[in-house]
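Structural overview for review
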Amino acid sequence: MTDSVPSDVAQPRPAATRDFDGLYKALLEAHPRDALHLLCGARLDGRAVVLDGPTEQPRQRSRQRDKVFLVRHGNGVPADIYHVEVQVQRTEDFQERMVAYWAALALKYRRTDHRIHQVVVWPLGGGYPGRFRRDQARLDYRSVNVPNDLDSGMLLAGPLAPLALWSQKPPPDLAERVADRIAATGAVEEQLVQIELGMLVGGSLAAQVLEALRRRGMSDVLEQTESGREIARRNLEQGLEQGLERGLEQGLEQGLERGRVDGMRALLRAKYGDVADLDDLARRLADSDHDGNIRRIVAGATLAELRS
C-alpha cells in the first residue's frame, strides 16, 4: 500500500471537492446485487428480481432518497424494500430526514408484510449509530461506516472494489488489486465511475491506482476522466517548472532547451507511460512546434499521430 510513486505524477485533488453521492449512486445502479449483499446484508437467491424503486417523495421533489431497490422473491413471498442513503458527514437534521423517508415508503408500500430496510453508507466513516429516539417515535436503520465495517477482501472480489481504498485494514497490494478489478470491468462507463470514485481517496494511494491502471494499458480510459485530465494539466506545469529550474543552473540557452525536452518527457510519461522511444520522441516534439505539440498531447493525440 505504500509503494513509491514517481515524482512526475501529480496528486489528485482532495475528496472534499468531489461528488461522493453521485458516484456511489452510479455504482449502486450498475451493480445492485453486489450493493445489496455487501452494503445492506441482503441474501438474494437466483430467483430474486431486483427493481429500481421510487426516490422522489410526494410533494417534496427537492428532497429525494439516494437509492431505493425493490426485491421481489416470487411465490407469494413478501417484497423487501431497501432504501440506501449515502452521507459523507453528519448533519443536524439527518436522522429526522430518515424518519421522513421511512414514513413516505410506508405510505407507498402499505402492506404490513412488505419489509422496509434502511441503510446509511458513510464513505468516510463517523456516522450515526443507526438508532433514532424522540418522544414515542423510534427508528432503527443499518449504519455502514465504510472504513471500519466492510471487509476489504470481499470488496476486492467484486465491482465495489474501489470502496476498499478507505479500509482501515487493507492488504499490502491494495492499489494493484483495485486496478485489476477496474480493468476487468466490461463497460467503459462503469470503469469511469470506478476510477473517479477511487480518486476520491486522494493522496499517494490514488496516484498508485492511476499508475497501476496505466501499466494495464488503460491510459485511453483515464483520459476520459476528470482526474486524468487534471493530472495531465498538473504534470504539464510541473514538468515545465522542473525543466526550467534545471536549465537555469546550466546556462540560459542550454537550460531552456533541456527544460523544454524534460517537460515534454514528463508529460509524455504521464499520458502514455514509459514508451520505448520516450527520449527521442520528447526531443523531436520539443524541437518542432513545442507549444503546439503540448496542446496536441493534452487534447488526446495518439502516439501514432505524435510520431508521424
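The structure this text deals with has already been given above.
The structure displayed is predicted, hence computed values, not measured ones.

Before going further, it helps to examine the packing of aromatic side chains. Evaluated as defined, the whole model comprises five aromatic pairs. Ring plane angle 65° and centroid distance 5.4 Å describe the contact between Phe94 and Trp122, whose orientation is recorded as edge-to-face. Within this pair, whereas Phe94 is found in helix α3 (residues 94–108), its partner Trp122 is found in strand β6 (residues 115–122), the two being separated by 28 residues in sequence. The same class applies to Phe94 and to Trp122, which are both buried. Connected via pairs of aromatic rings, a cluster forms that spans Phe20, Tyr24 and Trp166. Directly above the aromatic system of Tyr109 lies the positively charged group of Lys108, at a separation of 6.0 Å from the ring centroid.

The next thing to look at is the pairing of β6. Note: strand β5 (residues 80–86) against β6, seven bridges, orientation parallel. Bridge pairing links Ile81 to Ile116 in β6. Where β6 and strand β9 (residues 142–145) come together, four bridges link them in parallel fashion. Note on β9: the bridge partner recorded for Val120 is Ser143.

When two helices pack together, their arrangement is captured by the angle between the axes and the distance separating the axes. At a closest axis distance of 10 Å, the pairing of helix α1 (residues 20–30) and helix α7 (residues 188–199) adopts a crossing angle of 140°. Classed by the angle they form, the pair α1 and α7 counts as oblique. In the packing of α1 onto α7, the handedness of the crossing is left-handed. For the pair α1 and α7, the contacting residues are Phe20, Leu23, Tyr24, Ala26, Leu27 and Ala30 in the first and Glu190, Val193, Gln194, Glu196 and Leu197 in the second.

Attention now goes to helix α8 (residues 203–215). In an α-helix, one turn spans 3.6 residues; hence positions three or four apart end up facing the same way. Taking 1.5 Å per residue as the helical rise, α8 with its 13 residues ought to reach 18 Å, and the 19 Å between its terminal C-alpha atoms agrees with that figure. Residues Leu205, Ala206, Ala207, Gln208, Val209, Leu210, Glu211, Ala212, Leu213 and Arg214 constitute the buried set of α8. Of the residues one or two after α8, Gly217 is the one with positive phi, at around 75°.

All right, on to the nonpolar core then. Membership of the largest hydrophobic core comes to 49 residues, with the highest contact counts inside it found for Tyr24, Leu39, Leu163, Ile195, Leu197 and Leu213. Ranked by residues supplied to this core, first place goes to α8 with six residues. If we skip the residues at most four places from it in the chain, Tyr24 touches Val86, Val121, Pro123, Val146, Leu163 and Leu197. Val261, Leu268, Leu285 and Ala286 belong to the second largest nonpolar core, which has 16 residues in total.

One pass over the full model with this rule turns up 18 salt bridges. In this structure, the salt-bridge partner of Arg111 is Asp113, at a minimum N-O distance of 2.7 Å. Note on Arg111: relative accessible area 48%, which makes it partly exposed. The partner of Asp279 in a salt bridge is Arg265, and the shortest N-O contact between them spans 2.7 Å. Note that Asp279 is positioned in helix α12 (residues 278–287) and Arg265 in helix α11 (residues 252–272), a separation of 14 residues in sequence. A residue is classified by how much of its surface remains accessible, and Asp279, at 39% relative accessible area, is partly exposed. Take Arg265: its relative accessible area is 17%, and that puts it in the buried class. Through salt bridges that share partners, Arg131, Arg133, Arg138 and Asp140 make up one connected network.

Definitions and cut-offs
Residues numbered from 1 in each chain as written. Predicted model: local features only at pLDDT ≥ 70, side-chain atom pairs only at ≥ 80, totals over all residues. Heavy atoms only, no water. Phe/Tyr/Trp six-rings, centres within 6.5 Å; stacked < 30°, edge-to-face > 60°. Helix = DSSP H or I, 4+ residues; strand = E, 2+ residues; numbered from the N terminus. Buried < 20%, exposed > 50% of the residue type's maximum accessible area, 1.4 Å probe, protein only. Lys NZ or Arg CZ within 6 Å of the ring centre and 35° of its normal. Pairing = 2+ DSSP bridges. Axes fitted to C-alpha atoms, helices over the stretch in contact; angles between N-to-C directions. Parallel < 35°, antiparallel > 145°, perpendicular 65-115°, else oblique. Left-handed = near helix turned anticlockwise from the far one by under 90°. Contact = heavy atoms within 4.5 Å. Expected span 1.5 Å × (residues − 1). Core = buried A, V, L, I, M, F, W, Y, C linked by side-chain atoms within 4.5 Å. Salt bridge = Lys/Arg side-chain N within 4 Å of Asp/Glu carboxyl O.

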